[in-house]
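# Working through the structure, step by step
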Amino acid sequence: MASTDLGAAFARAFGAPAPALVQVVRAPGRVNLIGEHIDYCGLPVFPMALRRSVHLAFRLRADREMRLVNRDPRFAPSTFAVSEGIPPAPAGDWGNYARAATQALAQRFPDLRGVDALVESHLPIAAGLSSSSALVVAIALAIMRANGVTMALLELMDLLGRGERYVGTAGGGMDQAIILGAQAGCASRIDFHPLRLTPTTVPADWQFIVAWSLVHAEKSGAARQAYNERTRQCDEARRLVAKRLGQREDITYPALLAAASVDELLRVAGATLSGVLARRFRHVVTEGTRVPRAETAMAAGDLEAFGGLLDASHQSLRDDYQVSHRELDRLVELAREAGAAGARLTGAGFGGSIVALCRIERAADIVAALRERFYAPRGVADDVGRHVFLADPSAGAEVLSA
């Protein structure tokens, strides 16, 4: 939606202020190309931002109240006060992501005033494409612009990465970093501790395709528990392997991978860990090696190598990390049969989306095959444009009007 259209909708929601008082921020979704479930282990990941985004029209208020309206009628308006300790809404309430951003900024900047904000998302909800983190970033940028405060970009990425844990998910910071720091036309390797982004240009003849499984990847309830359980399992596995190797138990995963070869780590894990912990550990260390190999393959334009890494990542996420779903597996299978060089689930899993890679000239055939063989049997072929789309690498979040 153009910013002028969103501004008109804002006027209908909040009254008609002077046009100069209403600004618009865009925060893109993201697709993680490889490096899944390892950002919270401190290991690099390799996502890119999407053109599909959250847009937010906003204006400064005279008080500390935050008033949010979502153009999607499924989400009720949300109102709360800016403070360093904001009580959460019930679990699963969309307004908790706005509370997360607001509380994190209030702890950093005293005396912030609130904003009126109208939210519109062009991202599918609960599809593993980070619509929630895009909202966090959009709210943060709106509050900062409205109040005239600034922060170094890397510092803001870190602040919001930690701040989003307010909702109860023990994430690792990838989403906020790529949403804020992406470069148009590029994927970015994100390193942690210290946080930094290194872009790689996506080859012009490559096309990534995102397809939603029609299964919501919720960040609440049982899915959140499963996500956080894996975070704890990875930490326990790291400590036990480190102890067996004679390393400090607080050694990080990056330091552990630097201290021993993957083969050695897997051998020790096999002799030390239980079945579940061994599988979780195997995913983390093997996925950690796939990220630099994927980065190298993209830089070299080696589509087949990159595709093979996508396939290996999906197998690991399905079998060792156990976060796939039969609908995700079916989409991966169909994309490969239709000519994709590789495909895998993207995001936390338990539903959500896949990402597939092909030569640009094959993209239409793959989308058509998914429409015929996946979406049509499920009765949604006529609405397929909402569920599968070509993913082009976008720039990061920005305030569109001043």
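Worth saying up front: this structure is predicted, and the values here are computed from it rather than measured.

### Remarks on the nonpolar core
One recurring pattern in soluble globular proteins: nonpolar side chains tend to sit buried together. In this structure, Leu-33, Leu-105, Phe-208, Phe-281 and Phe-306 are the most contacted members of the largest nonpolar core, which totals 130 residues. The element that contributes the greatest number of residues to this core is helix H3 (residues 131-147), accounting for 12 residues. Dropping the residues within four chain positions of it, Phe-306 is found in contact with Leu-33, Phe-46, Trp-206, Phe-208, Ala-294, Ala-297, Met-298 and Leu-357. Among the nonpolar cores identified, the runner-up in size contains 8 residues, and Leu-6, Ala-9, Phe-10 and Val-24 belong to it.

### Section: the pairing of strand E6 (residues 186-191)
Along a regular strand, successive side chains alternate from one face of the sheet to the other. Among the 6 residues in E6, 6 count as buried, and that is most of the element. Taking every second residue as pointing to the same face, both faces of E6 are buried, with Cys-186, Ser-188 and Ile-190 on one and Ala-187, Arg-189 and Asp-191 on the other. Note that E6 and strand E7 (residues 196-201) share 6 bridges and pair antiparallel. In the sheet register, Ile-190 faces E7, and the bridge partner there is Leu-197. In this structure, the hairpin formed by E6 and E7 is closed by a connection of 4 residues, where His-193 is found at a positive phi of approximately 55°.

### Concerning the pattern of salt bridges
For side chains bearing opposite charge, pairing can occur when the charged atoms are close. A complete count under the given rule lists 30 salt bridges for this structure. The salt bridge partner of Asp-116 is Arg-67, with a shortest N-O separation of 2.8 Å. Placement of the pair is Asp-116 in strand E5 (residues 115-121) and Arg-67 in strand E3 (residues 65-70), with a sequence separation of 49 residues. The class for Asp-116 is buried, based on a relative accessible area of 1%. Given the relative accessible area of 27%, Arg-67 is considered partly exposed. Salt-bridge contacts for Arg-239 lead to Asp-235; the nearest nitrogen and oxygen are separated by 3.7 Å. Placement of the pair is Arg-239 and Asp-235 together in helix H6 (residues 221-244), with a separation of 4 residues, close to one helical turn. When its relative accessible area of 34% is taken as the criterion, Asp-235 is described as partly exposed. Connected through salt bridges with shared partners, the residues Arg-59, Arg-61, Asp-63, Glu-65, Arg-67 and Asp-116 form a single ionic network.

Rules of the game
Residues numbered from 1 in each chain as written. Predicted model: local features only at pLDDT ≥ 70, side-chain atom pairs only at ≥ 80, totals over all residues. Heavy atoms only, no water. Core = buried A, V, L, I, M, F, W, Y, C linked by side-chain atoms within 4.5 Å. Buried < 20%, exposed > 50% of the residue type's maximum accessible area, 1.4 Å probe, protein only. Helix = DSSP H or I, 4+ residues; strand = E, 2+ residues; numbered from the N terminus. Contact = heavy atoms within 4.5 Å. Pairing = 2+ DSSP bridges. Salt bridge = Lys/Arg side-chain N within 4 Å of Asp/Glu carboxyl O.

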